[in-house]
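Take a look at the letters that make up each chain.
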Amino acid sequence: MAAAVIIDIPDTTTGAVTKRLVQLRESNGVITMGRVLTLVVCTLDSSEAEDAIDAANDASREHPCRVVVLARGDRSAATRLDAQIRVGGDAGAAEVIVLRLQGQLVNHENSVVIPFLLPDTPVVAWWPRGAPEFPSKDAVGRLATRRITDATFAPDPQATIKKRHGSYAAGDSDLAWSRITYWRALLAAAMDVPPFEPVHSVTVSGLRDEPALDILAGWLSRRLGCPVHRRTGDLRVELHRKSVSVAIARPQTGVTATLTRTGDPVQRIALPRRETRDCLAEELRRLDADEIYAEALAGIEGVTYDH
């Protein structure tokens, strides 16, 4: 793979960066015609930016986009904008613009990012960490049709995912939801076999600080309409019917899960933990409101916590 073209533009302005983008397209044949969206990544600092860029680059191979990274610096420092443009090579199908903000610019992220939004394409905002309490009311969030957070890396992940229902607006989502996509599919398939009896109780066990399990419990509570218990312990989901119980379990750091059903042999299933890049790519596949996610958030209120 050819190396990416990386251009550093220190102590600059948005106008100068935009002009350099135009020059780059004209001289190197780099175009934005195939970009299907603008992904704005709001990071807490420059050190966090690289991991987010790697995930965005991987996701861009499925969703060609312009990635605009806002790396917040010191609010008390002198006002300054340092920029970097990356295209080609390991930038994937993305055109990456990294904007490092210092001083007063940190308080005006929306004004800085607006000149770099592609015309007539959706805008997606992603906060890998440090998401605002109300993403839809955030200055950058108001520019976006989709707003992606990640409760997994919050100081208190469980409290954070529980609060998402109160702050929810159409277009919101959280990568904790995407991390359980395969779990939801397996549980749905496991229940779609005889005997078709109502589920009378569910237990969801795992790490306390794993918000994906809280929203999984909320989804099951909403869908099945039965008591759901959330416990701290080994990673395991149990669904109980009158004559049959079904359980899916996996070691916390493992990649293979076991599915057990009353009276049947144990089944082994590949079920590794999903990487951030895969979850992000999934979220970028839909740009409309995720109503099932909203229902799962509401369902958390009906979950009984045993710890």
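Structure: see above.
So, here is what we can say about the structure in this document. (Residues numbered from 1 in each chain as written. Predicted model: local features only at pLDDT ≥ 70, side-chain atom pairs only at ≥ 80, totals over all residues. Heavy atoms only, no water.)

**As for unusual backbone geometry**
- A cis amide bond links P194 to the next residue, P195, at an omega of -5°.
- As for its placement among the helices and strands, P195 is situated in the loop between α6 (181-191) and β9 (201-206).
- Non-glycine residue D11 carries a positive phi angle of around 40°.
- Looking at the element boundaries, D11 is found in the loop between β1 (5-9) and α1 (14-28).
- Judged by its relative accessible area of 52%, D11 is exposed.
- Positive phi outside glycine occurs at D120, with the angle close to 60°.
- Looking at where D120 falls in the secondary structure, it is placed in the loop between α3 (109-113) and β6 (123-126).
- Taking relative accessible area as the criterion, D120 reaches 84% and is therefore assigned exposed. (Helix = DSSP H or I, 4+ residues; strand = E, 2+ residues; numbered from the N terminus. Buried < 20%, exposed > 50% of the residue type's maximum accessible area, 1.4 Å probe, protein only.)

**Details of the packing of aromatic side chains**
- For the coordinates displayed, the defined rule picks out two aromatic pairs.
- Relative to Y293, the ring of W177 lies with its centre 5.9 Å away and its plane at 55°, an arrangement referred to as tilted. Placement of W177 in helix α5 (residues 175-178) and of Y293 in helix α9 (residues 291-299) is noted, with a sequence separation of 116 residues between them. For the pair formed by W177 and Y293, the shared burial category is buried.
- Taken together, the ring pairs connect Y168, W177 and Y293 into an aromatic cluster.
- The cationic tip of R184 hangs over the ring face of W177; the distance from NZ or CZ to the ring centre is 3.9 Å.
- When the ring centre of Y182 is taken as origin, the NZ or CZ atom of R274, which lies over that ring, is 4.7 Å away. (Phe/Tyr/Trp six-rings, centres within 6.5 Å; stacked < 30°, edge-to-face > 60°. Lys NZ or Arg CZ within 6 Å of the ring centre and 35° of its normal.)

**A closer look at the sheet that holds strand β13 (residues 256-261)**
- Taken in spatial order, the seven strands line up as β14-β13-β12-β11-β9-β10-β15 in an open sheet, and their pairing is mixed. The outermost strands of the open sheet, each flanked by one partner alone, are β14 (267-270) and β15 (303-305). Ignoring which end each strand starts from, the neighbouring axes of this sheet average 20° apart.
- Here three bridges tie strand β10 (residues 228-232) to β15, and the two strands are oriented parallel to one another. Bridging across to β15, V228 finds its partner in V303.
- Along the sheet face, helix α7 (residues 211-224) touches β9, β10, β11 (236-240) and β15 and points at about 175° away from the line of β9. (Pairing = 2+ DSSP bridges. Axes fitted to C-alpha atoms, helices over the stretch in contact; angles between N-to-C directions. Contact = heavy atoms within 4.5 Å.)

**A look at the packing of helix α4 (residues 157-167) against α7**
- Contact geometry for α4 and α7: axes closest at 8 Å, N-to-C directions at 40°. One way to sum up the angle between α4 and α7 is to call them oblique. Here the hand of the crossing between α4 and α7 comes out right-handed. Of the residues in α7, those touching α4 at P157, Q158 and I161 are P211, D214 and I215. (Parallel < 35°, antiparallel > 145°, perpendicular 65-115°, else oblique. Left-handed = near helix turned anticlockwise from the far one by under 90°.)

**Things to note about α9**
- Turning to α9, its buried residues are Y293, A294, A296, L297, A298 and G299.
- Looking at the buried side of α9, the elements it contacts are α4, β8 (172-174), α5, α7 and β15.
- The N-cap residue of α9 is D290: its side-chain oxygen and the backbone nitrogen of I292 are 3.3 Å apart. (Polar contact = N/O pair within 3.5 Å; in protein donor to acceptor, adjacent residues only side chain to side chain.)

**Brief notes about the nonpolar core**
- Counting residues in each nonpolar core, the largest one holds 37 residues, and the members touching the most others are I215 and L220.
- Taken together, the elements giving at least two residues each to this core come down to α5, α6, β9, α7, β11, β12 (245-249), β13 and α9.
- In terms of residue count, α7 provides more of this core than any other element does, seven residues in total.
- Residues within four places of L220 in sequence aside, it is in contact with L187, V202, V204, G225, V228, V237 and L239.
- Counting residues in hydrophobic clusters, the runner-up holds 25 residues, among them V68, I97, V106 and V112. (Core = buried A, V, L, I, M, F, W, Y, C linked by side-chain atoms within 4.5 Å.)

**With respect to the side chain of R274**
- Tracing the backbone shows R274 in the loop between β14 and α8 (276-283).
- Among the polar contacts listed, one links the side chain of R274 to the backbone oxygen of S178, at a separation of 2.8 Å.
- In terms of polar contacts, R274 uses its side chain to reach the side chain of E282, at 2.3 Å.
- Discounting chain neighbours no more than four positions away, the residues touching R274 are S178, R179, T181, Y182, C279 and E282.

**Description of the pattern of salt bridges**
- Counted by the stated rule, this structure contains 23 salt bridges.
- Among the salt bridges present, the one from E109 reaches R72, with a minimum N-O distance of 2.8 Å. Note that E109 is positioned in helix α3 and R72 in strand β3 (residues 65-72), a separation of 37 residues in sequence.
- By sharing partners, the salt bridges in this structure join D11, R80 and D82 into a single network. (Salt bridge = Lys/Arg side-chain N within 4 Å of Asp/Glu carboxyl O.)

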